[in-house]
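Per-entry structural report
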Amino acid sequence: MSFTFLDYDRISGDDIDLVIDFKAPGDERLGIVPAYHYGMVLHGTYERVGVIDLRVGYSESLYYGGNIGYSVLPAYRGRRFAAQACRLLRPLALAHGMEKLYITCNPDNAPSRKTCESLGARLAGIVDLPPDNDMYLRGERQKCIFEWTL
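Keep in mind that this is a model prediction, so the values were computed, not measured. (Residues numbered from 1 in each chain as written. Predicted model: local features only at pLDDT ≥ 70, side-chain atom pairs only at ≥ 80, totals over all residues. Heavy atoms only, no water.)

Below, the discussion takes up the nonpolar core. Leu18, Met40, Ile52, Ile68, Leu89 and Trp148 are the most contacted members of the largest nonpolar core, which has 34 residues in total. Of all elements in the fold, only β2 (16–24), β3 (35–42), β4 (48–55), β5 (68–72), α2 (81–95), β6 (100–105), α3 (110–119) and β8 (142–149) reach the threshold of two or more residues within this core. Here this core takes nine residues from α2, the largest share from any one element. (Core = buried A, V, L, I, M, F, W, Y, C linked by side-chain atoms within 4.5 Å. Buried < 20%, exposed > 50% of the residue type's maximum accessible area, 1.4 Å probe, protein only. Helix = DSSP H or I, 4+ residues; strand = E, 2+ residues; numbered from the N terminus.)

See below:
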C-alpha cells in the first residue's frame with residue numbers, strides 16, 4: 001500500500017503555526033503508520049512552544065496510543081495551544097480520508113482531558129492497556145480513549 005505525504009509543511013493559525021520537523025514513513029509489516037511531526041511555534045515566528053504529531057491510519061496500537069500526540073512547553077501551558085494545534089491538523093487528517101481521530105491520555109492528566117473535551121471529542125472509555133503494549137511495558141496501566149469525529 002503506497003502512501004503520499006501532502007504539502008502541509010507550515011500550517012498557520014491565529015496564535016500558533018505548525019512547522020514540519022519531519023515526516024516519518026510507515027512500515028506496514030511492523031504495524032507502524034506514516035506520521036507528520038510538527039513543532040508548534042508562535043504565529044509568524046519560529047519560537048517553539050511545543051510539538052504535535054499526526055499518525056495517519058488506524059490500528060490496535062493507535063487505539064491506545066492515539067492518532068495525535070502533543071506536548072506544550074511548561075512556560076506556554078494554559079493558553080490552549082494543544083487544542084489549537086489539533087484543530088490545525090484537522091484539514092490534513094481529512095485530506096488523508098480520516099473521519100475520526102483517537103486522542104489518548106493518562107486518566108490523571110486533567111489538562112489533556114480538558115483539551116480533548118474542548119475539541120468536542122467523546123470519551124469512549126478508560127481502558128486497561130494490554131500487557132504487551134509498549135506503554136504498559138514503560139509502567140503505564142490505563143488510557144482515556146477520546147474519539148474526535150472530524
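Once that is clear, we can look at the pairing of β2. The side chains of a regular strand alternate, first on one face of the sheet and then on the other. Pairing analysis gives three bridges linking strand β1 (residues 10–12) to β2, with the strands arranged antiparallel. Residue Ile11 lies in a different strand from β2, and its bridge partner there is Leu18. As consecutive antiparallel partners, β1 and β2 are separated by three residues. Of the strand pairs in this sheet, β2 and β3 are connected by eight bridges, and their pairing is antiparallel. In the strand pairing of β3, Lys23 is matched with Tyr36. (Pairing = 2+ DSSP bridges.)

The subject of this paragraph is the pattern of salt bridges. Overall, the coordinates contain nine salt bridges when judged by the stated rule. Note that Asp21 and Arg48 form a salt bridge whose closest N and O atoms lie 2.5 Å from each other. Remark: Arg48 occurs in strand β4 and Asp21 occurs in strand β2; sequence separation between them is 27 residues. By relative accessible area, which is 38% here, Arg48 ends up partly exposed. With its nearest N and O atoms 3.5 Å apart, the salt bridge here joins Asp134 to Arg138. (Salt bridge = Lys/Arg side-chain N within 4 Å of Asp/Glu carboxyl O.)

The next thing to look at is α2. Compared with the 21 Å implied by 1.5 Å per residue over 15 residues, the 22 Å span of α2 between its first and last C-alpha is a close match. Maximal helix bending in α2 amounts to about 30°, located at Leu89; proline Pro91 follows within four positions. Those residues of α2 not exposed but buried are Phe81, Ala82, Ala83, Gln84, Ala85, Cys86, Leu88, Leu89, Leu92 and Ala93. (Expected span 1.5 Å × (residues − 1). Bend = angle between axes of the 7 residues up to and from the residue.)

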